[in-house]
Amino acid sequence: MATTTTPALQHGPWGGLSIYSSPAEQTLARWQKAKGIRDRYNGLWDDCFDYALPHRGRMMASTDGQHRTDKLYDTTAITAVNEFASRLQAYVCPIGARWATIKAGPAVKKDQRAEIDRQLAEVEDYVFSIMENSSFDAAAHECFMDLSIGTMCMAIEPGNAVEPIVFTAIPLPELVLETGANGSVTALFRQRRIKHRELPALFPQASFPDAIVDKVRREPDGKCTVIEACETTFNPAQEEWLHRVIILEQRAIIQERQYQGAGSCPYITSFWSKAAGDTYGRGPVANTIGAIKVLNLIVEMMLEHAEMQIIGMWQVDDDGFINPDTVELVPGTTIPRAPGSAGLEPLAPGGKIEWAQWGLEQHRGEIKRALYDEPLGNMQQDARIQTAQEVVERVADLSRRIGSSFGRMQAEFVRPAIRRVLYILRQMGRINMPTLNGRVVEIAMTSPIARTQQAEQVVRIQRFGMIANELFGPGSSNLLLDKAKASEGLADRLGVPIDMVNSPQAIAAMERRMQQMAMLEKMLSGAGVPAAPGGGLIPS
């Protein structure tokens, strides 16, 4: 009688029983299921790569140096994607500038915030000095190019003494995500091919099976498939992730770690826009891929029409005298013709190029607008000089259009990236600060687009002061507004460093001194003592 073997039951992550024979099989099964969902996007993403990012690979197999522009006739989308990534980086995390600040959270008492902010300013200086001398800017630009399709991922990992933190952009073909019931990422997988001799350098603390050790010695240039899995353990007390590195061919775990605390996850994912229930996001390129393909087709047909115009089309009487297969249209050629026949006659191509030109301009405008290219209009076609107010309004319009996606990036990319850097620096012992939980210490955006939105609050405060002076008389705004709080609020919204703003105690002391000087001058002016032009008294 035949018998069947049932896999051994093992304890799952929550104390239950699992049907998988090993933890590696459990993780690989989870990866395989998530990869099946990811494969549904391959067709859409391949079109996006082919027409907008041809040199960043494809979802299907591709080789280095492969020709990927043979069927590409228009480069509007390629140029617009590069502009999109550069513009987004300039708005969100500009190179060489402070695009976020670390400050005291709402749980800190008001009378202690100023001092804590001054201490956190030193930590902020150190964080950005590390990031400015790292690979962050290059990795961010690559991530923003992937974000034009809809999804981006950045790995932030500890480095060495020269480069303490390493930033790496994870390409979309290597990325597999799993989302939970609330739409958040619950597991992230990275699949890549790695040479055997590179394994000990990439994973120095790994425990390799004998088969891999033998391959490192015998086949150092051979490659194996490595699956890196980062899964949340759903710990309600704190953020907790389980990180595993698996060799797919041996189906063996070579490294396993558990990360705990805010910022412990080494992968930062963000989406441009994401519908409820979707695992991956959709970006401007994915939303306009139809227009991009139509534009490419229009340019292809225009080139075919131009080819017919340049080379020409010819007709000939079928009199049995001329053989069209032997005719060569080259300079100096003599073509015989029968007596009384017309010989070769040019044939005018049909079609109207005006309609193609109209479609060309229409679709190029749609693609550029979707990718936020030319926010100030087409500077080549619009020769007039724009006024300063018009430029301000156009930039404000761009800020409103990008506002929803910017809010998502602030929550999914900016804050987690700074939180991850702080986590690594704390683990290294380079900084000492409280837990970054949003209550004691919080992260605020200070990028140009954030400043544009905060400038509207400054305008409202200014309008309040003007209206108060008009309704209640000159100087009423000084009575209605708290100068110390107003100065701190304006400095915060305008990006003025906190150490350049006087504390409320210093402002109050200066006001008392000014009042005393004014009273003294008034008393002595009655006695005929002259006053100095800049204030004070001239001794007699």
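Residues numbered from 1 in each chain as written. Predicted model: local features only at pLDDT ≥ 70, side-chain atom pairs only at ≥ 80, totals over all residues. Heavy atoms only, no water.

Tracing the sequence through the fold places Ala-286 in helix 8 (residues 284-287). Residues Ala-286 and Ile-149 lie 137 residues apart in sequence; the distance between their C-alpha atoms is 5.3 Å. Setting aside chain neighbours within four positions, we find Ala-286 in contact with Leu-44, Cys-48, Ser-148 and Ile-149. (Helix = DSSP H or I, 4+ residues; strand = E, 2+ residues; numbered from the N terminus. Contact = heavy atoms within 4.5 Å.)

Bringing unusual backbone geometry into the picture now. Residues other than glycine seldom take positive phi values, yet Arg-251 does so here, at roughly 50°. Among the structural elements, Arg-251 can be located in the loop between strand 9 (240-247) and strand 10 (252-260). For Tyr-372, which is not glycine, the phi torsion reads 60° and is therefore positive. Judged by relative accessible area, Tyr-372 falls into the buried class, the value being 11%. (Buried < 20%, exposed > 50% of the residue type's maximum accessible area, 1.4 Å probe, protein only.)

A few words now on the confidence of the model for the protein. Here the protein averages 82 in pLDDT, while 84% of its residues score no lower than 70. Every residue in residues 1-17 scores below 50 in pLDDT, and together they form 22 contacts with partners more than four places removed in sequence or on other chains. The low-confidence segment residues 536-540 (pLDDT under 50) makes 11 contacts with residues lying over four places distant or belonging to another chain. (pLDDT = per-residue confidence, 0-100.)

Below, the discussion takes up the pattern of salt bridges. Once their charged atoms are close, side chains differing in charge can pair, the charge on each being opposite to the other. Overall, the coordinates contain 19 salt bridges when judged by the stated rule. The residue Arg-56 makes a salt bridge to Asp-146 at a minimum N-O spacing of 3.1 Å. Residue Arg-56 is found in the loop between helix 2 (42-51) and helix 3 (76-92), and its partner Asp-146 is found in helix 5 (residues 136-147); the two are separated by 90 residues along the sequence. Take Arg-56: its relative accessible area is 24%, and that puts it in the partly exposed class. The partner of Arg-364 in a salt bridge is Asp-74, with the nearest N and O atoms 2.7 Å apart. Of this pair, Arg-364 sits in helix 10 (residues 353-370) while Asp-74 sits in the loop between helix 2 and helix 3; the two residues are 290 residues apart in sequence, bridging distant segments of the chain. (Salt bridge = Lys/Arg side-chain N within 4 Å of Asp/Glu carboxyl O.)

A cluster of nonpolar side chains, namely Phe-464, Ile-467, Leu-471, Phe-472, Leu-479, Leu-480 and Leu-481, defines an oily patch on the protein surface of about 760 Å² accessible area. At the level of secondary structure, the elements contributing two or more residues to the nonpolar patch comprise helix 13 (448-472) and helix 14 (476-480). A total of four residues in the nonpolar patch trace back to one element, the largest contributor, which is helix 13. As for its placement among the helices and strands, Phe-472 is situated in helix 13. (Patch = residues over 30% accessible without salt bridge, like charges linked within 9 Å, V, L, I, M, F, W, Y side chains within 5 Å. Areas by Shrake-Rupley, 256 points an atom, 1.4 Å probe, with all protein chains shown as cover.)

So, on to the packing of helix 15 (residues 483-494) against helix 16 (residues 504-525). Between helix 15 and helix 16, the least distance of the axes is 9 Å, while the angle of their chain directions is 130°. Between helix 15 and helix 16, the interaxial angle falls into the category oblique. The way helix 15 lies across helix 16 gives a crossing that is right-handed. For the pair helix 15 and helix 16, contact is made by Lys-483, Ala-484, Ser-487 and Glu-488 and by Pro-504, Ile-507 and Glu-511, respectively. When its residues are assigned to classes, the contact of helix 15 with helix 16 shows three nonpolar, one polar and three charged. (Axes fitted to C-alpha atoms, helices over the stretch in contact; angles between N-to-C directions. Parallel < 35°, antiparallel > 145°, perpendicular 65-115°, else oblique. Left-handed = near helix turned anticlockwise from the far one by under 90°. Nonpolar A, V, L, I, M, F, W, Y, C, P; charged D, E, K, R; others polar.)

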